[in-house]
Structures are given as structure tokens and as C-alpha cells.
Amino acid sequence: MDGGSGDDHDPTTAAGDKPPRKKRYHRHTPQQIQELEALFKECPHPDEKQRLELSKRLCLETRQVKFWFQNRRTQMKTQLERHENSLLRQENDKLRAENMSIRDAMRNPICTNCGGPAIIGDMSLEEQHLRIENARLKDELDRVCALAGKFLGRPITGPPLPNSSLELGVGTNGTFGTTMATTTTLPLGHDALPTMVVPSNRPATTLDRSMFLELALAAMDELVKMAQTDEPLWIKNIEGGREMLNHDEYLRTFTPCIGLKPNGFVTEASRETGVVIINSLALVETLMDSNRWAEMFHCMIAGTSTTDVISNGMGGTRNGALQLMNAELQILSPLVPVREVSFLRFCKQHAEGVWAVVDVSIDTIKESTTFVTCRRLPSGCVVQDMPNGYSKVICVEHAEYDESQVHQLYRPLLSSGMGFGAQRWVATLQRQCECLAILMSSTVPTRDHTAITASGRRSMLKLAQRMTDNFCAGVCASTVHKWNKPNAGNVDEDVRVMTRKSIDDPGEPPGIVLSAATSVWLPVSPQRLFDFLRDERLRSEWDILSNGGPMQEMAHIAKGQDHGNCVSLLRASAMNANQSSMLILQETCIDAAGSLVVYAPVDIPAMHVVMNGGDSAYVALLPSGFAIVPDGPGSHGPISNGHVNGNTGGGSSRVGGSLLTVAFQILVNSLPTAKLTVESVETVNNLISCTVQKIKAALQCES
């Protein structure tokens, strides 16, 4: 092989006249071979330039050099294969000998305790445990395969069981096999749903994971059907045109996946469709991230957390993501308790650009140490991409709750599904996404004051959101925001008074903070009430901070197309020349489900820093404000003849009203160690009562 370098033809051979001579081979000299070997060690694949150089140096033709390297590479490959074969043969002989010794040992078993011959059929305790575990896992696999077959519409078989130690070592990597991980995209509405891999290294047990998976798939199936089915499952309500669930049809169509309704619980159900300025992937990521979900719906969610991630999804997406979550849902009123729910959240992609996210309570699976006052039946949304970054959202909300803890004033609102229902989720999502779209836009709305820089707008909006979050926390006593109920002072029956100590928090003044809130019914429309409370020119009719005169808007930042969605900086008139005018930061927002007016007095130098883009975290504020929702159908409001009656019969139409929540947070003592006095509680109670009376008088409402 070293000598074979190519074919050299005799130059005297004439083409076409005589047959070519027999090829003659040329053997390389030892010096040539040494040079070729040296280059081969450095570069087994020389390029054309290197071969040309070598041929000149060794007095060889370039094709001779080329063929030598080809032959040398072939020779090297053959030698390597022979070496590998030799090693494999030795390993094979070793395994065969080991196999023979194991077979001999199995024919003549010896007891490890006494050293005598063991009785055939005996097995070690470890082997017994392994066999029991193997049988349990096989049953679990059969159950999951049967469940997958149910939703795929075809039988599913598990992966082939390994029959050697090698397969056990490199098999399914702790999952149910590769066949279970395949993703099938299906058109929305098809009964079949692809299965999902549940990792085995989660805190939940294998049995829990199987039950969670089964519940999530059943809930997803129910959500999709409820989102797409119209009559007779959903019936249009004559009053307001909202959709109402036909409970008889629901019970005929679906098997309750979390058991029967507890005694004393009532049901609320709603469905809403809307178009939102967000694409499906971004919305799904927001819903599957507890922090982003709480930020998007910060007025509805008092607190949330993800307790366990059972699956992150498949293929780097949220398709098949399953997680355990806790949440505290709220209506901004002290008369409605916070709903604490523990649920599964399951995300599934049904087709290109079509996703669904479903929630379902797990109270029937996991024992809870606290008494459950609310259960979340399959609820969630189906999201479908639309052109220009929009998406169509179909939201379904279905819950069972203990109505006895809800004040009579709010029961019609909740039973109609307007309190915690789909309309509120969709309306809030539309408003928040519209706000994000405006903030991301390079153009500033014409009404905005151009004196504020872009960084200043961001700082002001961040401060306003913190103010609104603190306001909501002072209305609803959730476990996230710790408040104490004082036993001092005379307060009205429907006024909730809470206190807390503020220590080392740069976002609010130090001392004893007292929060008081109440809710009342007013015979005016929510829009009229909202317009009255947010108008800075009419502020003197109810606000003691106005010094008896109108306020002036110093800055305005739009948060939506509606002029009611904005953040403003107001200045109150000074009572005398020596008094410095005060600034008030105010955020107002309105959508189809309700509205908010939140405000707080702020320090003038601090606001100058914020408006120039400075950090807003060090601006101390204590918010107060109003939350407005429409009263629910069947609410006991006045009818056209002036009498108060819940019955709208006899041809008299009920006047639509509003449910107004008024809340104040006041620093009653600048020392955190001070004790709350009776006078402080009574002062705040009188402030709330006086404010409500002034609002009623200004709107000419009956007391």
C-alpha cells in the first residue's frame, strides 16, 4: 500500500491507435514515505496547495500525493476497525463467562444467611419490594394509557417493557415513555386532547400526579365545550343581554369533575367574548406566570402563588403546562369576603394560534386544613389569534360559593356573575392591554402634558399603580396584607376599620395607619357617579382636602382611549398666602365591569423627582378613594313611583343604581409603638359618614 501511488502511462502510446500499456506502479523512496507520514500526522486531509508543495519537494506528481493520502486514510480506518473488533471480542468473551457463572449460581442457589442450599422460590426482601413497586407502576401506566386513549379517541399502549439491564439503563429516562410525549395539534372543539408527560421528580406523589392529570384533562374538555356551545346550554338574559347558564342542561351534558355541590352553596356562571390587544402566546405566558397574572389583574387578585409546577410544557412551549396555584380573589368592598381558592391551572394548544387555559379546584383531591367557602369549577379562557396582534378571548367563569358570608347588598351582583364573573375578567384584560399598548407607543396622546419626560411618565405610572394596590389592600383584608381589627370606638355596622404598623417602609409614612371602608347603594348610574367623583372642578362638594374650592389638573397621563382611564396630578387651592398648595396624585380607571377613583396627597419636592424620571419607591403616600360597580339584577332599588321594592312587576321599571365603596387610609400616630385611641377610630368613622352624606347631597340622592 505504501508503494501504490497511481498509474503512469507510457508517453509513446498514441490515443486511439494502440491499446494502452499495462499500468506500471512506482514505489516511493523511504525519504518520500517519511515526509508523507510526517505530514499525515499533522494533517490527514491536505488541501490542494499543500499537495502541490509536497509534490514539488518530493519530486512526485500531485495525483500521486493525493492517492497516497487516500490510501493512507483507508489503511488507518481499517486498523482502527480491527482494534475495535478485538476489544469488542474480548468484552464479549468476558460477558459470556460472567453469564455462565450467573447461570451456574442460579442452578445451585446458596442461602446468604446459613450458607446452605436455598429453597427454590425464595426471594430477598429487596426483590419482593421491587416486584411490588413494578406491579404498581405497571398498573399506573395502564391507567394513564387508558386515560390518554379516552381523550385521543384511540387505544394507547405503553412503551415496550425492557428485557435487559442495558435497556433499563438507557430506557425512558423516568417518564412514561417517548410515545406519551408526542404532541398532536387538533382543531378546537374536537373531543380528543393530546396527553402530557408528568415528570416523576416532583413533590407530588405518582398517584397525585395521575389524579391531577385526569382532572386537568376533564376540566379542559368541559371548558372547550362550554366556550363553544350556545343554546340550550347558554341562554340570553332579557335584562342586560348577558348569557346565563342553563343549569339543568349543564347537569345533563357534563359529569361534575369535582363532585356534587356542597350543601348551602350557590352557583354563579358567566361567559364573555372580547377582542384584546395582545397575541395568544403573550397572554398564555401572562396567565401561566403567577406574578404577571397578579400584575395584569391587580385590582381583582389580592395575592397569588404557584405551589407546585407539575409540568412546564412540551417542546419549549406552554403546551401541556400543569401547575398547582393558590389565589385570593377580591371585590373592592368590605361586605364581600376574599375568595381563597386552590386550583390546578392547565394550558393546552389546540391548533396553530389557538390556546386554552383552564382552572379547576382540587379540594376533592387534596385535603384542606381550612374550611372551603368557594370552589372553582372548570373556568378559564380560550384564546385565538387575530390579525395585527389582536386575539379573540372567550372567557368562562363557573364557581360554587357560600353565600351566607356575603352581605345582602352584594348578593344580586355575585349571583348574576358580574362580581367575579367573565365580564369583569375580560373588561379588565382589555383595559390593561390597551394601557400597555399606549405606553409602548412612541406617540404621546394629545391630552397629555408634554412637559413630562418618557421616564417621568413611567415613574408616575409606577407610583400610581402602587397607590392603587395599597388602596385595594386597605379595603379587602387578605392574608397577603396583614391588618388588625381594633376593638375601640363606635363605628357603623357596615364600616370595617383595620389598623397596621408601618415601620421602615420608604413607601409610606411611619406610624399607626388606620384604614376604614364601607359600601352603600346609590340610585344613580355608575357612569354618572364616576364622572362626578373624578371631576376636579366638583371636588369641593365632598373632599375636605380641596380647601373648599376647585382643584387644578397639573399633569395628565392617558392610560386608555376612554378619558376616564388616566393618572393625574391635581393641585388644591391654598387657603391663604402663607399656606403652600398641596399636590394630589390621582388614578382613575373605568371599564364595563366597574370603575375606580384613587388618590393620595403627595410631597411636592418628591413629585418633582418622580416627574423627572426619579425612583418612585421612596415617595410616601396613603391612598383613599372609591370603587364603583353596577348593582346586580334583582337588586332592591327604588322603582319609578319612588317606593323601594325588589319586585319589578306591575309595569314599574327598576331604576338602575350603583354600589359605592368608600375607603380612607389615615396616619393616626407617627409613632409605630403608640396605641390606637378611641378618638382616632371615631374620627375616621365620622369622616366616612360625612363623605357619603356629601356625595348623596350633591347627587340629590335620598338619605
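Refer to the structure printed above.
Below is a summary of the structure that appears in this document. For clarity, every value in this text was computed on a predicted model and none was experimentally measured.

## Here's the deal with the packing of aromatic side chains
Reasoning step 1: Counted by the stated rule, this structure contains 9 aromatic pairs.
Reasoning step 2: Plain terms: the ring middles of F40 and F69 are 6.2 Å apart, the flat faces sit at 35° to each other, and that makes the pair tilted. Taken together, the positions of F40 in helix α1 (residues 30-42) and F69 in helix α3 (residues 62-107) put the pair 29 residues apart, joining distant regions of the chain. By the burial criterion, F40 is buried, and F69 matches it.
Reasoning step 3: Taking 5.0 Å as the distance between ring centres and 70° as the angle between the ring planes, the aromatic pair formed by F297 and W425 counts as edge-to-face. Taken together, the positions of F297 in the loop between α9 (290-296) and β4 (301-311) and W425 in helix α11 (residues 422-440) put the pair 128 residues apart, joining distant regions of the chain.

## Topic: the environment of I503
Reasoning step 1: Checked against the element boundaries, I503 lands in the loop between β11 (496-502) and β12 (511-522).
Reasoning step 2: You can call I503 exposed: its relative accessible area is 54%.
Reasoning step 3: Spatially, the C-alpha atoms of I503 and L671 are 9.1 Å apart, while their sequence positions differ by 168 residues.

## Digging into the packing of helix α12 (residues 454-475) against helix α14 (residues 604-611)
Reasoning step 1: Running from N to C, α12 and α14 cross one another at 125°; their axes reach a closest spacing of 7 Å. Judged on the interaxial angle alone, α14 and α12 are oblique. Counting all contacts with α12, which are made through G456, S459, M460 and L463, the residues of α14 involved are M607, V610 and M611.
Reasoning step 2: In terms of residue class, the contact of α12 with α14 is built from 5 nonpolar, 2 polar and no charged.

## A few points about helix α15 (residues 678-698)
For an α-helix the count is 3.6 residues per turn, leaving residues at separations of three or four pointing the same way.
Reasoning step 1: A rise of 1.5 Å per residue sets the reference length of α15, with its 21 residues, at 30 Å; its end C-alpha atoms lie 30 Å apart and thus fit the reference within 8%.
Reasoning step 2: When we look at burial in α15, the residues that qualify are S680, V681, V684, N685, L687, I688, T691, V692, I695 and K696. Considered in projection along α15, the buried side chains sweep an arc of 165° and stay on one side of the axis. Exposed residues on α15 whose side chains face more than 90 degrees from its buried face are E679, T683 and A697.
Reasoning step 3: Next to the buried residues of α15 lie β11, β12, α13 (526-534), β17 (624-630) and β18 (658-669).

Thresholds applied
- Per-chain numbering applies: the sequence of each chain, read as written, is numbered from 1 onward.
- This being a predicted model, a pLDDT of at least 70 is required before a residue's local features are given, and a value of 80 or more before pairs of side-chain atoms are given or counted; all residues contribute to the totals for chains, interfaces and linings.
- Values reported for side chains reflect all heavy atoms of the structure, with hydrogen atoms and water molecules removed beforehand.
- The aromatic pairing rule takes the rings of Phe, Tyr and Trp, using the six-membered ring of Trp, and pairs them if the centres are within 6.5 Å, calling planes under 30 degrees apart stacked, those over 60 edge-to-face and the rest tilted.
- Runs of H or I in DSSP of at least four residues are treated as helices and runs of E of at least two as strands, each being numbered from the N terminus.
- Buried residues are those whose accessible area, probed at 1.4 Å on protein chains only, stays under 20% of the maximum for their type, while exposed residues exceed 50% and partly exposed ones sit between those limits.
- To get an axis, fit a line to the C-alpha atoms, keeping to the stretch in contact for a helix; angles then go from 0 to 180 degrees between the N-to-C directions.
- Put simply, angles under 35 degrees are roughly parallel, angles over 145 are roughly antiparallel, angles from 65 to 115 are roughly perpendicular, and the rest are oblique.
- Every residue pair with non-hydrogen atoms within 4.5 Å of one another is taken to be in contact.
- In the scheme used here, Gly and all other residues not listed as nonpolar or charged are polar, with Ala, Val, Leu, Ile, Met, Phe, Trp, Tyr, Cys and Pro taken as nonpolar and Asp, Glu, Lys and Arg as charged.
- Expected helix span is taken as 1.5 Å per residue step, with the number of steps being one fewer than the number of residues.
- Relevant arc is that of directions from the helix axis to the C-beta atoms, nothing else.

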